[in-house]
Amino acid sequence: MPYERNRLLALLLNFIPGLGHLYWGKKGRGITYPILFFGGILFGLVVAMAADSGEMAMFTLVASIILWLISMFDLLITMLRESPEERAYREHVRQMTGEGRESEKFFTILLSFVPGLGHFQLGLMQRGLSFLIAFFGLITMMFFVSGLTHDSVFLLFLGLLPIIWLYSMFDAVQLVNRKLAGEPLVDRTPFDDWEAGRIEGRRSKVLATLLSAFPGAGQMYLGLQKRGLQMMVLFLGSFYIIDVFRLSVFLFILPIIWFYCFFDGLQQTSRYGILPMEDQPLLETRGEYQHWLGIALILLGIYFVGMELIIPVLDANFPELHIYYRIEKYLRPTIVAVLLIGGGIKLLARPKRRDVFWSDEEI
């Protein structure tokens, strides 16, 4: 049986094309890739300098990147083809020696800052490769499509990158904890988990995590309807109120709400199937909160109808009064100031909650 090889070390060595293949025992590829890579760069640069051609230099750079990617994917595919006997031997050696057990969690979390590398550290090649391709493939595809169409709107999809990054790290931390607890790990892609959950009638944790990127959607998917709906209303309502009242100074609230809802979705997802799920709303909608919420909705409705329907008509018929300008300049800041001051006074004047309550029947 060959000596134990470290997959992560092979991957890191292959950042210089061919070294990873040599370490893995593929001498032919280990010699061919560096000759093609460095020889091609040298030849291309010599030709570009002789012809004074910038296009030739750019072609050499692109060809080198493509060859580097081919070398990396070739190594990954080679490592994925490990036989069951070799995999069992590797795990047996690791369990018998007990080496790296204390530092494995640290290195897994550290490597997880690059999506997929933490999974490689755990020996989950297919799962790590899925995250690696999803992350860097999205970057490559969006820049390619934007350059091809000359439309930067496609770059908006790069907003998915933080979601993939956070989920990859969260997944790697969960898996290393399960491994250290003695639970066997199965190397399968997140899509395999999704399909397995669908067949077994369970909700997919992968889909729940992805839906958590939109506040409240992940909670509603897991069956927490009240909690999810309140989070969705809180996030979208904050957008509407800040836009209507021009409260740009409070824009910092939006990312705070988003991060709270997203990490709450991750927490609820991690509990699903392990702990009982309780649909606990952020605020109880009965009693005082329901009363004030109803008043706020009525006032917002009146304000919206007035500003969108009534005020434009009056401004068109009586332009000399400058009604819309006066409302924008004086009335709107006054309303915002009154609401903020009134809300603060209400919170300060609220009596402390008593520790003991008596019902009417007890009295």
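Residues numbered from 1 in each chain as written. Predicted model: local features only at pLDDT ≥ 70, side-chain atom pairs only at ≥ 80, totals over all residues. Heavy atoms only, no water.

Student: Got a minute to help me understand the overall build of the protein in this structure?
Tutor: Counting its regular elements, the protein contains 16 helices and zero strands. Here the protein, with 363 residues, has 31% of them falling under the buried criterion. Contacts in the protein between residues far apart in sequence, at least 24 positions, make up 58% of those at least 6 positions apart. With an accessible surface of roughly 23800 Å², the protein has 69% of that area assigned to carbon and sulfur atoms. (Helix = DSSP H or I, 4+ residues; strand = E, 2+ residues; numbered from the N terminus. Buried < 20%, exposed > 50% of the residue type's maximum accessible area, 1.4 Å probe, protein only. Contact = heavy atoms within 4.5 Å. Areas by Shrake-Rupley, 256 points an atom, 1.4 Å probe, with all protein chains shown as cover.)

Student: So what exactly am I meant to see when it comes to helix α14 (residues 253–271) here?
Tutor: Three or four residues apart is the spacing at which side chains of an α-helix point the same way, because the helix has 3.6 residues per turn. The end-to-end C-alpha separation of α14 is 27 Å, in line with the 27 Å expected for 19 residues at 1.5 Å each. Taken together, the buried positions of α14 are L254, I257, W258, C261, F262, D264, G265, L266, Q268 and T269. (Expected span 1.5 Å × (residues − 1).)

Student: For this particular structure, what's the right way to read the packing of aromatic side chains?
Tutor: The way to describe two aromatic rings as a pair is by their centre distance and the angle between their planes. Under the defined criterion, the tally for this structure stands at nine aromatic pairs. Taken together, a centroid distance of 5.6 Å and an interplanar angle of 55 degrees make the contact between F15 and W68 tilted. One end of the pair, F15, is in the loop between α1 (7–13) and α2 (19–24); the other, W68, is in helix α4 (residues 54–80), and 53 residues separate them in sequence. F15 gets classed as partly exposed once you look at its relative accessible area, which sits at 46%. Residue W68 is classed as partly exposed on the basis of its relative accessible area, which comes to 23%. Here W258 and F262 contribute two aromatic rings whose centre-to-centre distance is 5.1 Å and whose plane-to-plane angle is 5 degrees, an arrangement assigned as stacked. Of this pair, W258 and F262 both sit in helix α14, separated by four residues, roughly a single helical turn. F262 sits in the buried class, given a relative accessible area of 1%. Put simply, the rings of W258, F259, F262 and F263 pair up and form one aromatic cluster. (Phe/Tyr/Trp six-rings, centres within 6.5 Å; stacked < 30°, edge-to-face > 60°.)

Student: Even after reading the chapter, I still don't get the packing of helix α8 (residues 125–149) against helix α9 (residues 161–180), so can you show me in this structure?
Tutor: Working note: a packed helix pair is described by the angle between its axes plus the distance between those axes. For the pair α8 and α9, interaxial distance at closest approach is 10 Å and the crossing angle is 165 degrees. Relative to α9, the element α8 is oriented roughly antiparallel. For the pair α8 and α9, the crossing hand works out as left-handed. Judged by residue contacts, R127, F131, A134, F135, L138 and I139 of α8 engage L161, I164, W165, Y167, S168, D171 and L175 from α9. (Axes fitted to C-alpha atoms, helices over the stretch in contact; angles between N-to-C directions. Parallel < 35°, antiparallel > 145°, perpendicular 65-115°, else oblique. Left-handed = near helix turned anticlockwise from the far one by under 90°.)

Student: What should I look at first to understand the environment of P333 in this one?
Tutor: Within the element layout of this structure, P333 appears in helix α16 (residues 323–349). Overall, the relative accessible area of 42% leaves P333 in the partly exposed class. Non-local contacts of P333, meaning those with residues more than four positions away in its chain, are made with I327 and E328.

Student: Can you walk me through the nonpolar core in this structure?
Tutor: Side chains of nonpolar character tend, in soluble globular proteins, to be buried together. Membership of the largest hydrophobic core comes to 15 residues, with the highest contact counts inside it found for A10, L11, W24, L76, M79 and F120. Looking at this core, the elements that each hand over two or more residues are α1, α2, α4, α7 (117–121) and α8. It is α4 that provides the largest number of residues to this core, a total of four residues. Ignoring any residue separated from it by four or fewer positions in sequence, one finds A10 in contact with G20, Y23, W24, L75 and M79. Counting eight residues, the second largest nonpolar core, distinct from the first, contains L166, F235, I257 and F262. (Core = buried A, V, L, I, M, F, W, Y, C linked by side-chain atoms within 4.5 Å.)

Student: Mind showing me how you'd approach helix α3 (residues 27–51) here?
Tutor: Across its 25 residues, α3 extends 36 Å between first and last C-alpha, which sits within 8% of the 36 Å expected from 1.5 Å per residue. Once α3 finishes, D52 follows within two positions and takes phi at roughly 50 degrees, a positive value.

Student: Would you explain the pattern of salt bridges in this entry?
Tutor: Should their charged atoms come close, side chains of opposite charge can pair. Applying the stated criterion to the full structure yields four salt bridges. Of the charged contacts, one joins R29 and D74 as a salt bridge, the two residues approaching to 3.1 Å between their closest N and O atoms. Remark: D74 occurs in helix α4 and R29 occurs in helix α3; sequence separation between them is 45 residues. A relative accessible area of 34% means that R29 is categorised as partly exposed. We classify D74 as buried; its relative accessible area is 18%. Of the charged contacts, one joins E183 and R178 as a salt bridge, the two residues approaching to 3.2 Å between their closest N and O atoms. Under the relative-accessibility criterion, R178 is labelled partly exposed at 35%. (Salt bridge = Lys/Arg side-chain N within 4 Å of Asp/Glu carboxyl O.)

Student: What is the right way to read a nonpolar patch on the surface from this model?
Tutor: A surface patch of nonpolar side chains, amounting to about 870 Å² of accessible area, comprises M58, L61, V62, I65, I66, L69, I70, F73, I77 and I133. The leading source of residues in the nonpolar patch is α4, at nine residues. Positionally, I65 belongs in helix α4. Given the relative accessible area of 45%, I65 is considered partly exposed. (Patch = residues over 30% accessible without salt bridge, like charges linked within 9 Å, V, L, I, M, F, W, Y side chains within 5 Å.)

Student: Just to check I follow, could you spell out the environment of L138 for this structure?
Tutor: Relative to the helices and strands, L138 resides in helix α8. In this structure L138 comes out as buried when scored by relative accessible area, which is 15%. Note: C-alpha distance between L138 and L155 (17 residues apart in sequence) is 9.9 Å. Residues contacting L138, with those up to four places away along its chain left out, are I133, F157, L158, L160, L161 and I164.

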